[in-house]
Each structure stands twice: as C-alpha cells, then as structure tokens.
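# An overview of the molecular structure
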Amino acid sequence: MPPKLSFRRQTFLGFQPPAVGDEEIAAVAEAIRSGWLTTGPRAEELERRFADYVGAKHALAVSSGTAAMHLALVALGIGPGDEVITTPITWPATANVIVHTGATPVFADVRDSDLNIDPERAAELVTPRTRAIMPVHLYGQPADLDSLWALGLPVVEDAAHAAESEYRGRKIGGLSDATCFSLYATKSIAAGEGGIVTTNSDDLAEAVRALTIMRRGHGSLYDIAVPGYKANLSDVLASIALCQLDKVEYHHSLRLRQVELYDSAAGELDGIEPVARDPRDTHAHHLYVVRVDPERAGATRDDYRQALADENIGTSVHFLPVHRLTAYRKLFPEQPPLPVAERAGAEVLSLPLSPAHSDADIADAIGALRAVHADFTR
Ligand SMILES: Cc1ncc(COP(=O)(O)O)c(C=O)c1O
C-alpha cells in the first residue's frame, strides 16, 4: 500500500475564532472608563443601529440569543398546555426555551436540501394547542417563511445564524412577529455573549422590555407590572457589538470568499456535499457545512473529524437532532422518528470559517480535506 497522504499544518486551525482587534479593545476600555458597566447608552445605541440595519421598528438588546427567544415566547403569552413547532436540527436552546415557558416543543422534520424546517411536515403537526412556529435560519440560509406564515400562527424566528441574511430580497429581522439574534462569540456580530429581539410590534417590544430588566425609574420607590427576568446586555458587551456591527458586511464578504474556495474544492470530492443554498436568498454564511456520505466518502463524518483533527484542522458538528438528546428522550419519550434529521445529524460536518482566517488558512483546510478524502477512498 502507498504511504498515507498527509498535509499536516504546523499550528492548529481553530474552527471559528472571533475576528476582534484593537477597535474592540479600545471600545471596551472606553465603556469601562465611562462608568457604564451595566446597560446604558451603548446598549441603546446598539438597539437603534441594529433596528436600522435589519429594518425593524424595535430592537431589544438582551443577555443571550437564548434569552431573546425565551422572552419573545413569554411576551407572546406562551405557557403550559401550549405547543410550539420547531426544528430538530438546531442548537438545543431553540427547544429549551419552549420547555422553559412550560409549553411542549413539537419537532417537524427538516428538508433534505437545506436542513431547514420542512413547512409540509410543520403543517401536519398543527393542532388547536399550537401557539407559534419557531424556524431556524440554519447556517444563514433563511427558512421557507412564506409557507410558514401561511399556517396563520405567530412566527418567532431563530436568527442566531442570520444577521446578514435576506429572504427573497428582504432583510431577516423585520418580517415575522419576532426575530431573535445571538451575539455569542462565534456569531457574525460577536460580543462574547448577548442577544437581540427585533419586532415591528409596539406591544411585543414593550412586553419584552418589561421582562428583560426591572428598573427603579426616577426615585427610590418602584413598582412592577410583571415578575420579570434579569436578561439585559451590559454596555461593555454592547461596545464590542457596536464595533462588530460596523464590520458585519465586510466580514460577510470575507466569509463569502472562503465559501467560494470550499465550493470549488468540494465539487471534486465524491461523497462530500455542501448543504444546499437558495439563490433567491442572501445567505449569511455563518457556517460552511458539508454532508459526509459514508458510502461514497469512504468513512463516516466522525472518522473525517478525527482525521482532520490529526491534520491540525478544527471542525464542528451543527447539529445533532435535539429530539435524540438525553433530556428530550426523557421528557418526550413518545417522540416519533424524524428520518431526514436523524440521517443529517450523522453526516453534517462544519469546516473552519471565520473572517479571522486568511485564504491560506482555508487552503490548508482544503488541502487537509483532500488528503483525508484521498486516504479514505483509495
Ligand atoms: C441556532 C442557534 N440558536 C440559538 C443559539 C443560542 O444563542 P446564545 O448562545 O446567544 O444563547 C445558538 C448559538 O449559540 C444557535 O446556534
């Protein structure tokens, strides 16, 4: 047998490091010097500028994408006895927040093409108890919103991957009842932690605001209309998010170039298929995900992950089907099989993608992938 091919990089290539630098450091220092450690003028500026960016009437800064989704559901009045239809191919937070309200998550299988929620499956699951639909714009590809809106239920979008996304030419953020973004360390606007709810509804915005933080107002006496949470965003983190918002489109263009490099390479590798993107939409390119078909690619996704790690290339998995995770198997043991999601969960592999990476880094990832593929298929 010929010797095993290898491409080993000198240093480990992180899968998705944040692209932060001197501007962010200066902004944090200025926020601290200003004395605003908690929510203040920078969080307010972020809300104004983010609302403008996505074209929504209101943007509410909160402590995480998870809090954004949770508060949106609570503000819509969702609670025990209700059902919310969502996708199994997501970070568990999407389903967890439904559980946190006391409602039941109902998982609709995904489309084999882009792994977004399948509207036909969702329609079959609507009952008199269904109170909302929560699609995820997976990897930055908008879900099929028209078909979901046609179900006539409130739609709360999980747009954690979709800061730059456009659905049929319209920016994600001002289209459904509520849209929830994440400012987590790996996201397009990376503050470390944080989230934003956008909505065009004055009532929903007011309800989310009341749930986010309790304030004293002017004076020592106070009253509350709802027993709220503590989910506000500090100005220190907002100052990072503001720098990242300045660069969001530039960073998107850098990731797009990386996507093009991967696309041309993946075309040559039998059994390694990029997840589909819809040319009618603007994809945020939050993640570059391929499916590894073990029959044609000569090995499983997990074998590929290990072999790429041996080549000093970091990868990740987005996502394992939520309904098969221990908590969900225990909470909802009657869960029917979701064959498309279950197969996808075993095949998806996320390759390094970040504006912090150079073209040479991506060329290393591609070189390693080619070497590993050649080894598994020879
Ligand atoms: C699809 C999806 N939804 C929700 C979240 C939760 O966001 P956060 O980590 O800001 O709570 C994440 C990622 O972190 C995500 O990838």
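Quick look at the structure, then. Everything numeric in this text was worked out from a predicted model, so none of it was measured.

Here is what the cut-offs are and how they apply
Residues numbered from 1 in each chain as written. Predicted model: local features only at pLDDT ≥ 70, side-chain atom pairs only at ≥ 80, totals over all residues. Heavy atoms only, no water. Helix = DSSP H or I, 4+ residues; strand = E, 2+ residues; numbered from the N terminus. Rg over C-alpha atoms; globule rule 2.2 N^0.38 Å. Buried < 20%, exposed > 50% of the residue type's maximum accessible area, 1.4 Å probe, protein only. Contact = heavy atoms within 4.5 Å. Areas by Shrake-Rupley, 256 points an atom, 1.4 Å probe, with all protein chains shown as cover. Lys, Arg positive; Asp, Glu negative; His and termini not counted. Charge placed at Lys NZ, Arg CZ, Asp CG, Glu CD. Near = heavy atom within 4 Å. Polar contact = N/O pair within 3.5 Å; in protein donor to acceptor, adjacent residues only side chain to side chain. Nonpolar A, V, L, I, M, F, W, Y, C, P; charged D, E, K, R; others polar. Pairing = 2+ DSSP bridges. Axes fitted to C-alpha atoms, helices over the stretch in contact; angles between N-to-C directions. Parallel < 35°, antiparallel > 145°, perpendicular 65-115°, else oblique. Left-handed = near helix turned anticlockwise from the far one by under 90°. Right-handed = clockwise from strand over helix to strand, strands pointing away. Expected span 1.5 Å × (residues − 1). Arc of directions from axis to C-beta.

### Considerations on the overall build of the protein chain
Secondary structure summary: the protein chain contains 14 helices and 12 strands in total. Against the 2.2 N^0.38 benchmark of 21 Å for 378 residues, the protein chain shows a C-alpha radius of gyration of 21 Å, consistent with a compact globule. Dimensions of the protein chain, computed from C-alpha atoms along their principal axes, come out at roughly 80 × 55 × 40 Å. The 378 residues of the protein chain split such that 56% are buried. At a minimum sequence separation of 6, the contacts of the protein chain that also span at least 24 residues come to 69%. For the protein chain, the exposed surface amounts to about 16300 Å²; the carbon and sulfur share of it is 54%. Measuring between centres, the 35 positive side-chain charges of the protein chain sit 3 Å from its 51 negative side-chain charges.

### Overview of the site of the ligand
By nearness alone, 16 residues border the ligand, and G65, T66, D158, H161 and S182 come closest of all. One nitrogen or oxygen atom from the side chain of T66 is found 2.5 Å from an oxygen atom belonging to the ligand. Considering the ligand on its own, with 380 Å² of exposed area, one finds that the protein chains cover 92% of that surface. When the residues that make up the shell around the ligand are grouped by side-chain class, the tally is 6 nonpolar, 8 polar and 2 charged.

### Here we look at the sheet that holds strand β5 (residues 156-158)
Pairing is mixed in the open sheet, where 4 strands are placed in the order β1-β9-β8-β5. A strand with exactly one partner marks an edge of an open sheet, and here the two such strands are β1 (58-62) and β5. The average angle at which neighbouring strand axes cross in this sheet is 20°, direction not considered. In this sheet, strand β8 (residues 178-182) lies alongside β5 in parallel orientation, the contact comprising 3 bridges. Each residue of the ladder has a partner; that of E157, found in β8, is T179. Its contacts with the sheet put helix α7 (residues 202-212) on β1, β8 and β9 (195-199), and the angle it makes with β1 is roughly 15°.

### A closer look at the packing of helix α11 (residues 301-310) against helix α14 (residues 359-377)
Running from amino to carboxyl end, α11 crosses α14 at an angle of 125°, the nearest separation of the two axes being 10 Å. Overall, the two elements α11 and α14 adopt an arrangement that is oblique. At the point where α11 passes α14, the crossing takes the right-handed sense. For the pair α11 and α14, contact is made by D303, Y304, A307 and L308 and by A368, L369, V372, H373 and F376, respectively. By residue class, the composition of the contact of α11 with α14 is 7 nonpolar, 1 polar and 1 charged.

### Here's the deal with the pairing of strand β3 (residues 104-107)
One ladder, built from 4 bridges, connects strand β2 (residues 83-86) with β3; its direction is parallel. Directly across from E83, in β3, lies its bridge partner T104. Tracing the backbone out of β2, into helix α4 (residues 93-101) and back to the parallel element β3 gives a crossover that is right-handed.

### Details of the sheet that holds strand β4 (residues 130-134)
With parallel pairing, the 3 strands of this open sheet are ordered in space as β3-β2-β4. For this open sheet the edge positions go to β3 and β4, each flanked by a neighbour on one side alone. Mean inter-strand twist for the sheet, computed between neighbouring axes without regard to direction, equals 30°. Each of β2, β3 and β4 is contacted by α4, which is oriented at about 145° to β3, the strand it contacts most.

### Section: helix α1 (residues 22-34)
Between the first and last C-alpha of α1 there are 18 Å, a value that for 13 residues agrees with the 18 Å anticipated at 1.5 Å per step. Listing the buried residues of α1 in full gives E24, A27, V28 and A31. The arc enclosing the buried residues of α1, seen along the axis, measures out at 100°, which places them on a common side. Seen from the buried face of α1, the exposed residues on the opposite side, beyond 90 degrees, are D22, I25 and R33. On its buried face, α1 sits against α2 (41-54) and α8 (235-246). One or two residues past the end of α1 sits G35, with phi positive at roughly 90°.

### Thoughts on the side chain of H286
Here H286 shows up in the loop between β10 (272-274) and β11 (288-292). Sequence-distant contacts of H286, that is, excluding residues within four places in its chain, are made with Q16, Y139, H161, T186, K187, S188, R255 and L353.

### Focus: the pairing of β4
Consecutive residues of a regular strand have side chains that alternate between opposite faces of the sheet. The element β4 is largely enclosed, with a buried count of 4 among its 5 residues. Examined bridge by bridge, β2 and β4 share 4 bridges and lie parallel to one another. Following the sheet pairing, V84 is matched in β4 by A132.

### A few points about the packing of helix α9 (residues 248-266) against α14
Between α9 and α14, whose axes approach to 10 Å, the crossing angle comes to 20°. Here α14 runs roughly parallel to α9, going by the angle between their axes. Viewed along their axes, α9 and α14 form a crossing whose handedness is right-handed. On α14, the residues touching R257, Q258, L261, Y262 and A265 of α9 are D359, I362, A365, I366 and R370. Within the contact of α9 with α14, the residues separate by chemical class into 6 nonpolar, 1 polar and 3 charged.

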